Every structure is written in C-alpha cells, then in structure tokens.
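Topology and contacts: notes
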Amino acid sequence: MNFGVKYHEYKNPDDKTDSDSFQTALNIGYDAQNFRLTSITTYNDYEEDLIQDQCYMGTGMPVALSEYDFRTFSQELRIRSLDKKEGIKWLGGLYYSIEDGNWDDNGMVYDTSGMMGYDVYYNWPDDTRENTSAAFGQITFPLPGRLAFTAGLRYERIDKEMDYRYEVSRTDTGSILSQVAYHIKDDWDAFLPKGVLSWTINKDAMIYASVSKGYLAGGFNYCENVKELAKFDEQSSIHYELGAKTSWFNNRLIFNVNLFYMDIKDMHVYSAPDPITYITSNAGEAHSQGIEIEVKARPLKGLDLIAAFGLAQAEYDEYTNTNGVNCSGNELPISPDYTLNLAAQYRHDSGFFCRAGMQGYGQNYFNDANTVGQKAYRIYNAKIGYEGSNWDVYVYGNNLFDEEYFSFGRVNSMGIMANVGEPQTFGIIISRRF
C-alpha cells in the first residue's frame, strides 16, 4: 500500500500560483454588573490565480487552471454570566456569516491538437453563496455532591445556492463547443443539543461525561452537469465523551485523559475522478473511537515538558463507493491510527529561549478501499533564540532529519495525487512588538 516520494526533473515553466489574502477581525467586549457582552466581527478575502501542469513530465498531460475570489464575513454577539465559583452560569448568542465564491477559471486544458487540431478547455466557472444563521445558549446548574450539569442547545440554518456553468471550448479561438448552465439552491437546518455531567472531586481533579450532536450541512457538487444529481445530503453524528482533568503538585504536573466515541450517519465522502474534480457524496454509517492523553510538567522554573498522545480507530460501518467496492469495515481515509506530540521548552529570565519537539503520525490510507496510503512517520523540529522586552530573534530548523512524507493524498482516475510534506528547512525569525 505504501509508495515513496518521487521528484521529477521536468517542471512546466508556465506553472504559477499567485495569491493575495486579506484578513481582519474586531473583538469588542463590555462588562456590566452581572454579565459580559462580546461582539466578534471578521472579514476575509482570498484571491488565487493558478496554472499547474498535472504531470510534470512534459508528456502533454492536462494543465489545471484556477482563478477565483473567496470572501467571508461573520458576526457573532455573545452574552454570558460573569465568572464565579458557585451558582448558575449561563451564556447565549447569535451568529451570522456570508461566504461568496467566484470562479472565472476552474478547469483543465487537454492536449488534443494531434487528434483534433486544437486543444480543448473544460471549465467550471461557478459562483457560490452560503448564508449561515444560528442561535445558541447553554446553562450550568450546580448539583449536590460537587456535581454540575450543563445543558446546551444550538439551532443552525444554512442556505446555499450555486450558479452552475460548464463550458467546453477551443483554446485557439475561444469558441464554445458545448455548455451547460443552471441555478440551484437549498437549505438545511438542525437543532444541536448537548449535555455534560461533571464531578469536581477537589480543586485539582474533575471527571466529566458528555453527549452531543454534531452536524454538517449538505451542499452541491460544482462539477455535476445534471441539476438533480448535484446535491448531497447532510451528515449527522452523536458524540460520547468520558474524561478527567487533573492537576498535581501545585500545578507543576497536569494530566488529562479523554475517551471518545462518535457514531456518524450519512457521512460525507470524497472522490476525485480527475486531479481537480472533487465529488462529495454520502456513505451509510461510520464510527470513530479512541483515547486522548495530555501531560504537561514543569520540573524546574522555566522548563516545560509537554506530551500528547492520541489513539484512534475510524471505520466505515456501511459504505459501497462509487466504483461498487464494498468498503464496510475499512478505515476512513486521512485518519492516522495514532498521533504523538513531544516537546521540551526552556525560557530563562534573561530572555534565552529554546524548544525541541517531535510530531509523529501513524499509518493512514489515501482511499476508501484502503489500497493506497503511507506508513507511520515522525518529524523533528527545533528553535533557539532570545526574547527581549519588545523584540525577539530565533533560529529554527524544521524537519531536521529531512523525513519524506505526504501531508495529503487522494486517488483519482489518473493515479495517485499527493502533496509532498515540507522538507528540511532552516531559517531566522526577527519580530518586534509595538
């Protein structure tokens, strides 16, 4: 199932990825006598212009083109009770967001000049819009015996619409050979409850159990010519957790553990018939279960030791993929069977700083049939520097042993498409605070 990282000498000189990003956020808080009011506003604008040879071997394979502008705006108003050790605690709020995506180019040019006398451009210059509205609240009641119960509820409604276009054109004249266009819209909504029962054993230890509902709205595939087939349904899930949070030796050692189980219905699954086309559909059922452990220790002043370990099993319970293969019992793609993070950090009063860490990932698959994937790998990083009162300077090294790995992988009709992880990198960071 494993395959190695391969580099090719050829690279199309016309390849480029030009991107511009603007992000801003405004957070305003107001404290009254009995509550705190918070307003959070965000706006993001991202533009990208991409040309990418899909083979990198100079064999006239497809060239992907993408030019789009993606804008998001969100506004959240939240009101909550002031922090206090005893009594009822509560919060509530409203949320609204708008997402607009506009594609001028979103397709592939195929080298068909030898057969047809001209190259052909297959393009999906769609426009999409998504509005999300939500209201939420939760309340925590103290119970006898240092118990507490938290009840929460969120109502969410998502409206989506898409102006779909599919164009096949000649690259020499620009004339349209075939075209499909339609407008589609729909909405999804859900009530998402949760309940948490906690027991504060003492000021340094707490045990909790929780049940909550998760939800992902449905949507539309941007490359489906038949309007009635473009829609996929929502995904829902029930989350169960049992955990403990503890502190020892006057907060010099923190140990947290969490057991979880997730029951998923109509899970969103993704397939790629070609390198730039991704199709979302619904599997039957799936589940994910595992354990997460976190340890933080401060044996000496300024020295922090951090360890986090996660062990997970994520499988399809009922799913036959688009190729007719029964994947029931297979592992979910891009779901490593374990994750491991280790770090040691030292910060001296003089300003000296150093940190070394390791990130480990278990075996995972790139397709739902579990025939292609990668073995476990580890990445080591280090950083050393000086932190002043208003300026910092660091020297860092990432992926110190130049581990070859894939950060993402997907199987399509042309083979395996994977993103090679960042190689060994060294650099300097200089920052100043005003």
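Coordinates for the structure precede this section.
A quick note: this is a predicted structure, and the numbers were derived from the prediction, not measured.

Attention now goes to the overall build of the protein chain. Within the protein chain one finds 1 helix and 26 strands. In the protein chain, buried positions account for 33% of the 434 residues. Pairs at least 24 apart in sequence give 60% of the contacts found in the protein chain among residues at least 6 apart. Just so you have it, the protein chain exposes about 24,900 Å², and 55% of that area is on carbon and sulfur atoms.

Side chains of Ile88, Trp90, Phe141, Leu143, Leu147, Phe149, Leu197, Trp199, Ile207, Leu242 and Leu259 sit close together on the surface and give an oily, nonpolar patch of about 910 Å² of accessible area. Counting residues per element, the ones that place at least two in the nonpolar patch are strand 6 (127-143), strand 7 (147-170) and strand 8 (176-202).

In this structure, strand 13 (residues 253-265) lies alongside strand 16 (residues 285-300), joined through 13 bridges in antiparallel fashion. Bridge pairing in strand 16 places valine 257 opposite isoleucine 293. Pairing analysis gives 14 bridges linking strand 16 to strand 17 (residues 303-318), with the strands arranged antiparallel. Note that in strand 17 the partner of alanine 286 across the bridge is tyrosine 316. Taking the residues between adjacent antiparallel strands as the criterion, strand 16 and strand 17 are bridged by 2 residues, where glycine 302 takes a positive phi near 85°.

So, on to the packing of aromatic side chains. Using the criterion set out here, one finds 17 aromatic pairs in the structure. For the pair tyrosine 377 and tyrosine 405, a centre-to-centre distance of 4.8 Å together with 15° between the ring planes defines the contact as stacked. With tyrosine 377 in strand 22 (residues 377-387) and tyrosine 405 in the loop between strand 23 (391-398) and strand 24 (406-412), this pair connects stretches of sequence that are 28 residues apart. Across the pair, exposure class does not vary: tyrosine 377 and tyrosine 405 are buried alike. Over the ring of tryptophan 188 we find lysine 160; its NZ or CZ atom is 5.8 Å from the centre of that ring. Over the ring of tyrosine 118 we find arginine 170, and its NZ or CZ is 4.0 Å from the ring centre.

This part takes up the pattern of salt bridges. Here the structure, examined in full by the defined rule, presents 22 salt bridges. Taking the shortest distance from any N to any O, the salt bridge between lysine 265 and glutamate 285 comes out at 3.2 Å. With lysine 265 in strand 13 and glutamate 285 in strand 16, this pair connects stretches of sequence that are 20 residues apart. For lysine 265, a relative accessible area of 32% gives the class partly exposed. You can call glutamate 285 partly exposed: its relative accessible area is 24%. Arginine 433 serves as the salt-bridge partner of aspartate 392, at 2.5 Å between the closest nitrogen and oxygen. In this pair, aspartate 392 is assigned in strand 23 and arginine 433 in the segment after strand 26 (425-432), connecting sequence segments 41 residues apart. Overall, arginine 433 belongs to the partly exposed group, its relative accessible area being 39%. Connected via shared salt-bridge partners are Lys16, Asp18 and Asp49.

This part is about a negative patch on the surface. On the surface, a cluster of negative charge is contributed by Asp20, Glu47, Glu67 and Asp104. By secondary structure assignment, the location of aspartate 104 is in strand 4 (residues 89-110). On the basis of relative accessibility, which here comes to 52%, the residue aspartate 104 falls in the exposed class.

Counting through the fold element by element, tyrosine 365 comes out in strand 20 (residues 364-365). Residue classification places tyrosine 365 among the buried residues on the basis of a relative accessible area of 13%. Measuring from C-alpha to C-alpha, the distance between tyrosine 365 and serine 335 comes to 7.2 Å, with 30 residues separating the pair along the chain. For tyrosine 365, the side chain forms a polar contact with the side chain of glutamine 363, separated by 3.3 Å.

With 9 bridges connecting them, strand 17 and strand 18 (residues 338-347) associate as antiparallel partners. Looking at the pairing, leucine 305 lines up with alanine 344 of strand 18. With 9 bridges connecting them, strand 18 and strand 19 (residues 352-361) associate as antiparallel partners. Looking at strand 19, one finds that tyrosine 346 is bridged to cysteine 354.

In terms of nonpolar packing, the biggest core is built from 19 residues, with Trp124, Met162, Tyr164, Tyr182, Ile184 and Tyr215 touching the most fellow members. When residues of this core are traced back to their parent elements, those giving at least two are strand 7 and strand 8. Judged by nonpolar contacts, the second largest core, of 10 residues, contains Ile264, Ala283, Ala314 and Cys327.

About the cut-offs
- Residues numbered from 1 in each chain as written.
- Predicted model: local features only at pLDDT ≥ 70, side-chain atom pairs only at ≥ 80, totals over all residues.
- Heavy atoms only, no water.
- Helix = DSSP H or I, 4+ residues; strand = E, 2+ residues; numbered from the N terminus.
- Buried < 20%, exposed > 50% of the residue type's maximum accessible area, 1.4 Å probe, protein only.
- Contact = heavy atoms within 4.5 Å.
- Areas by Shrake-Rupley, 256 points an atom, 1.4 Å probe, with all protein chains shown as cover.
- Patch = residues over 30% accessible without salt bridge, like charges linked within 9 Å, V, L, I, M, F, W, Y side chains within 5 Å.
- Salt bridge = Lys/Arg side-chain N within 4 Å of Asp/Glu carboxyl O.
- Pairing = 2+ DSSP bridges.
- Phe/Tyr/Trp six-rings, centres within 6.5 Å; stacked < 30°, edge-to-face > 60°.
- Lys NZ or Arg CZ within 6 Å of the ring centre and 35° of its normal.
- Lys, Arg positive; Asp, Glu negative; His and termini not counted.
- Charge placed at Lys NZ, Arg CZ, Asp CG, Glu CD.
- Polar contact = N/O pair within 3.5 Å; in protein donor to acceptor, adjacent residues only side chain to side chain.
- Core = buried A, V, L, I, M, F, W, Y, C linked by side-chain atoms within 4.5 Å.

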